[in-house]
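# Geometric and topological summary
Each chain, written out:
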Amino acid sequence: MERLSKENYYLDIAQTVAERGTCLRRKFGAIIVNNDSIVSTGYAGAPRGRVNCCDINFCLREKMNIPRGERYELCRSVHAEANAIIAASRERMIGATLYLACIDPKTGAVQGGTCCCQMCKRMVINAGIAKVIVREDKENFSVYNVSDWIENDDSLGQIGY
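Here's what I pulled together on the structure shown here. (Residues numbered from 1 in each chain as written. Predicted model: local features only at pLDDT ≥ 70, side-chain atom pairs only at ≥ 80, totals over all residues. Heavy atoms only, no water.)

## Considering the state of the cysteines
For clarity, the cut-off: For the purposes of this analysis, a disulfide is any pair of cysteine sulfur atoms at a distance within 2.5 Å. Relative accessible area decides the class of each residue, using a 1.4 Å probe on protein chains only: under 20% of the type maximum gives buried, over 50% gives exposed, and in between gives partly exposed.
Counted according to the given criterion, the structure contains zero disulfides. Here Cys117 stays unpaired: no disulfide links it, and the sulfur of Cys120, its closest cysteine neighbor, is 3.8 Å away. You can call Cys117 buried: its relative accessible area is 11%.

## Focus on the sheet that holds strand β2 (residues 37-43)
Cut-off, in case you're wondering: Strands are treated as partners if at least two bridges between them are detected by DSSP. Helix numbering and strand numbering both begin at the N terminus, where a helix is a DSSP run of H or I of at least 4 residues and a strand a DSSP run of E of at least 2. Between N-to-C directions, angles cover 0 to 180 degrees, with each direction set by a line fitted to C-alpha atoms, over the stretch in contact for helices. Only heavy atoms enter the contact rule, under which two residues are in contact if any of them lie within 4.5 Å.
A sheet is described by the order of its strands in space; here five strands give the open sequence β2-β1-β3-β4-β5, paired in mixed fashion. Of all strands in the sheet, those with a lone pairing partner are β2 and β5 (141-145), marking the two edges. Averaged over all pairs of adjacent strands, the angle between strand axes in this sheet comes to 20°, irrespective of strand direction. Here strand β1 (residues 27-34) pairs with β2 via six bridges, running antiparallel. Along β2, the bridge assignment pairs Ile31 with Thr41. Its contacts with the sheet put helix α1 (residues 6-18) on β1, β2, β3 (97-103), β4 (131-135) and β5, and the angle it makes with β3 is roughly 50°.

## Remarks on the environment of Glu81
Locating Glu81 in the fold gives a position in helix α4 (residues 80-86). Expressed as a C-alpha distance, the spacing of Glu81 and Gly112, which sit 31 residues apart in the sequence, is 16 Å. Apart from residues lying up to four places away in sequence, Glu81 is in contact with Ala30, Leu98, Leu100, Cys116, Cys117 and Cys120.

## Side note on the side chain of Asn8
Here is the rule we go by: Here a polar contact is recorded for every N or O atom pair within 3.5 Å, except that within protein the pair must consist of a potential hydrogen donor and a potential acceptor, and residues adjacent in sequence are included only if both atoms are side-chain atoms.
Topologically, Asn8 is positioned in helix α1. A distance of 3.1 Å separates the side chain of Asn8 from the backbone oxygen of Glu139, its partner in a polar contact. Apart from the residues within four sequence positions on either side, Asn8 is in contact with Arg135, Lys138, Glu139 and Phe141.

## Focus on unusual backbone geometry
Here the phi dihedral of Asn35 falls at roughly 50°; this positive angle occurs in a residue that is not glycine. Tracing the backbone through its elements, the reader meets Asn35 in the loop between β1 and β2. Relative accessible area serves as the criterion here: at 72%, Asn35 is assigned to the exposed category. Of note, Asn65 is a non-glycine position whose phi angle comes to about 55°, a positive value. Within the fold, Asn65 resides in the loop between α3 (60-63) and α4. On the basis of relative accessible area, Asn65 is assigned to the exposed category, the value being 65%.

## Brief notes about the pattern of salt bridges
The test is simple: Here a salt bridge means any side-chain nitrogen of Lys or Arg lying within 4 Å of a carboxyl oxygen belonging to Asp or Glu.
Evaluation of the coordinates by the stated rule reveals three salt bridges. Across the pair Arg135 and Asp12 runs a salt bridge, and its minimum N-O distance is 2.9 Å. Of this pair, Arg135 sits in strand β4 while Asp12 sits in helix α1, placing them 123 residues apart in sequence. On the basis of relative accessibility, which here comes to 0%, the residue Arg135 falls in the buried class. Asp12 is the salt-bridge partner of Lys138, the closest N and O atoms lying 3.0 Å from each other. Note that Lys138 is positioned in the loop between β4 and β5 and Asp12 in helix α1, a separation of 126 residues in sequence.

Structure representation (structure tokens):
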């Protein structure tokens, strides 16, 4: 029997964390790992003490047909990556890897083709995380070097803010 890769081991954990997610559009789970030790976990959900979308059975972004990657200020949830970063000290995140898994809440299937939004990318950069690994399906994943997000600054060439 072939042993499960470290990447898929941690992605399985991130996928389990995603099951706690309360978003009606996508359930994300994130874990931060450094030196082969889990530093923190996070899933997408409303801020502590606020009502979750799954409890009110309503998503404003979905109702307004807002495409993926746009108008996150209308979302009730704190993203999984942000929750994992909030739960960890920066010292433990420097050089770490963030593992990210997404589940379709309607089907329960793994949702490939995802990555951090622009806001979460900024948080990942500032946290000192070195790499992001995203589950594509049960065995396959994509690896993103955070240094590429810094070098390929999305604001270069833009005037003003």
